[in-house]
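Survey of secondary and tertiary structure
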Amino acid sequence: MASAAKAQTLESPVIDPTPLSVVRMTPPVEATLRILLNSVPYLIGAAVVRQPAVGDAVEAEVGRMPWLHDRRLLTLQLPDDSLPANKAILLDWPVPYQAEWVGVPPRLLISRLVTNDRTVGVLLGTLISRDQLSAAAREALDLSCELIAAAVGSDSLATVSVPAPADETRHLVIVPDELMPEPESSLVIEAPAESEPVLDPKDEQDERDRQVVDEVARALDELTDARSIGRVLRDAVTAIAGVDGFSVALFNSVRREVAYRYKVVGADPDSAEMGRQAVDDGPDCYAARHDRRWHGFVREIGVRGPEGVEARKISVLQYPLIALDEVFGVATLQIFGDTGFSDHATRLVLRVIEVSSDRLAAVRRAARFQPSLSPSESAAAAVLPPVAAAPSFQPPTTAEAPTTDQILNDLVTKCTEIGLPTTFMVGVDPAAGLLRGELISTSPAARELDYALGISVGRFTIELSDRYNAIARACREGRIVTSPTLDELVQPLRDADGAATLERLVQGGRSTIIPITVSGDVVGALVVGPMADEPGFSTIVKVRDLVNETASRLAEAWRTKH
């Protein structure tokens, strides 16, 4: 029996389990993984595990990787004929039960990393699309596999561990799922002084992200209209992702259409062209179906340049706006190029959108799309919480009085009905000493003017004290002013050449400015034009009567709100 026990000991020696040694990610591997995530659509995570994975491992992770919970993948020994060298394949691999997952089940992307005819590791990825990969994505994957294999198999990583002597017997150790205590090391490392704490870079980034979200939430506290909220979101997403175009579309509660859209694009001509060639953000768009928390894709537009029309690719990222399990709108981000948005920027913008969703839903229920010209109201009175907005808690009332926005829209609509398709409106901001663009008619010429000047999105601002602008002069003096050219309306926002170009685009430059006076104060102005011919005297009289009627309705509406 003694001899049998001795033989059994020689065949199966008792050894201590050796824990998995993890070497930190090197800059080449990290950079290549991040480039891979930006190059392959719907790839939201990637990781590299060096082979063999027991006792000598390199593990690198970027993005979301639920597969790292699965020890079958971490300790996978790949024969040479199991997977092609440095080629990625897609598998319907089950997500481990430890990993929390919401949405479409992901697919496992796996590739055997080979360098110098030797398997050095495995590339794992998380893909959230059932579509076939494009040729460009395949090329990006193959190139990334080559680069990562070279980095993992390089001498700089191989020198981290000391190879075992040739005469020493190697044994495979099965490491249990439970956490094992770390063995004591003979290497003495001095602990950092308490006055100089070592901060985790991930914790620092999380703290900065939390500060951004809190700052946006504070900025939204006192806002009671959709346009003001849209401006705060525009500034936030521009700082986070550096977008070239941003818009928020709020849906009509009854009809399947957009009730209000706040849209802003850059000042360069290409961005203006991107705004003209609109992207679908209505109730029937893909993002509004709420299949996922965001939807990204690439679209192509034609931009007129010196050599003709050139194709420009635009990366689009759309977020559904959700409140009480209802998709009531869509926020859209656009940036030139087909590289898309980074994973960090995508998730941080999502947190910002989620913070603003309840307030956007409230102003949409109250139909407060643009700031009112009335005195400031309590935010709690204008923006109702979901419970207070329920019909069962409101007493029966008669027909509600029209709002400021409805009264002003009626004026623009009536001008269109009497044969004035190009009219727009500005409001007086006495605190800032500015004239701000408010509304514009819906004719093709008016839309071109709006694209160029940004009247409906608030980019059209003029100092009230400007001596050369006809609109400012009409508001200061409280009288009707005529302008023979568009230059007098748009300076100093456009120079003479720019104004002449815009005048040719809208096919006319003659305008008539009629101030809107309520209770003795000029609160805005209606601009009839620009148009090719100056309107006749009878037409101006009709418009003046409409403006006076609008001023009376505004005075009555503001008086009933006190």
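Scroll up to find the structure this text is about.
What you see is a predicted model; the values in this text were computed from it and never measured. (Residues numbered from 1 in each chain as written. Predicted model: local features only at pLDDT ≥ 70, side-chain atom pairs only at ≥ 80, totals over all residues. Heavy atoms only, no water.)

1. Observations concerning the sheet that holds strand 7 (residues 245–251)
Overall, antiparallel pairing links the five strands, which are arranged 8-7-11-10-9 in an open sheet. A single partner strand is all that each edge strand has here, and the edge strands are strand 8 (258–265) and strand 9 (295–305). Strand after strand, the sheet turns through a mean of 20° between neighbouring axes, direction not considered. Summarising the sheet, strand 10 (residues 308–323) and strand 11 (residues 326–336) pair through ten bridges and their orientation is antiparallel. For Ser315, the partnering residue across the bridge sits in strand 11 and is Ile335. Across the sheet, helix 7 (residues 226–241) lies against strand 7, strand 8 and strand 11, angled at about 40° from strand 8, the strand it touches most. (Pairing = 2+ DSSP bridges. Helix = DSSP H or I, 4+ residues; strand = E, 2+ residues; numbered from the N terminus. Axes fitted to C-alpha atoms, helices over the stretch in contact; angles between N-to-C directions. Contact = heavy atoms within 4.5 Å.)

2. Description of the sheet that holds strand 13 (residues 434–440)
Sheet architecture is open: six strands sit in the order 14-13-12-17-16-15, paired in antiparallel fashion. Either end of the sheet is taken by a strand with one partner, and the two such strands are strand 14 (461–463) and strand 15 (481–483). Each strand of the sheet is rotated relative to its neighbour by a mean of 25°, with strand direction disregarded.

3. A word on the pattern of salt bridges
Side chains that differ in charge, positive against negative, can pair when their charged atoms come close. Applying the stated criterion across every chain yields a total of 20 salt bridges. A salt bridge links Arg234 to Asp235; the shortest N-O distance between them is 3.1 Å. Exposure remark for Arg234: the relative accessible area of 21% places this residue in the partly exposed category. For Asp235, a relative accessible area of 44% corresponds to the partly exposed category. (Salt bridge = Lys/Arg side-chain N within 4 Å of Asp/Glu carboxyl O. Buried < 20%, exposed > 50% of the residue type's maximum accessible area, 1.4 Å probe, protein only.)

4. Quick look at helix 9 (residues 343–365)
With 23 residues, helix 9 should reach 33 Å at 1.5 Å per residue; the first-to-last C-alpha distance of 33 Å fits that figure. In the structure, helix 9 departs most strongly from a straight axis at Ser357, where the bend amounts to approximately 40°. (Expected span 1.5 Å × (residues − 1). Bend = angle between axes of the 7 residues up to and from the residue.)

5. Considering the packing of helix 12 (residues 444–453) against helix 15 (residues 496–506)
Following both chains from N to C, one finds helix 12 and helix 15 inclined at 155°, their axes separated by 9 Å at the closest point. In terms of their interaxial angle, helix 12 and helix 15 are classed as roughly antiparallel. On the side of helix 12, the interface is formed by Ala445, Glu448, Leu449, Ala452 and Leu453, while helix 15 contributes Leu502, Leu505 and Val506. For the contact of helix 12 with helix 15, the class distribution of residues is seven nonpolar, no polar and one charged. (Parallel < 35°, antiparallel > 145°, perpendicular 65-115°, else oblique. Nonpolar A, V, L, I, M, F, W, Y, C, P; charged D, E, K, R; others polar.)

6. Concerning the packing of aromatic side chains
Going through the model one piece at a time under the given rule, you end up with two aromatic pairs. Aromatic pair Tyr260 and Phe369: ring centres 5.2 Å apart, planes at 5°, arrangement stacked. Of this pair, Tyr260 sits in strand 8 while Phe369 sits in the loop between helix 9 and helix 10 (379–382); the two residues are 109 residues apart in sequence, bridging distant segments of the chain. Both residues of the pair, Tyr260 and Phe369, count as buried. Here the aromatic rings of Phe424 and Phe460 are separated by 6.0 Å at their centres, their planes lie at 85°, and the arrangement is edge-to-face. In this pair, Phe424 sits in strand 12 (residues 423–429) while Phe460 sits in the loop between helix 12 and strand 14, placing the two residues 36 residues apart along the sequence. Classification of Phe424 as buried rests on a relative accessible area of 2%. (Phe/Tyr/Trp six-rings, centres within 6.5 Å; stacked < 30°, edge-to-face > 60°.)

7. Structural notes on the pairing of strand 10
Judged from the eleven bridges that link them, strand 9 and strand 10 form a sheet pairing that is antiparallel. Bridge pairing in strand 10 links Arg304 to Val309. Linking two consecutive strands that pair antiparallel, namely strand 10 and strand 11, is a turn of two residues; a positive phi of about 55° is found at Leu324 within it.

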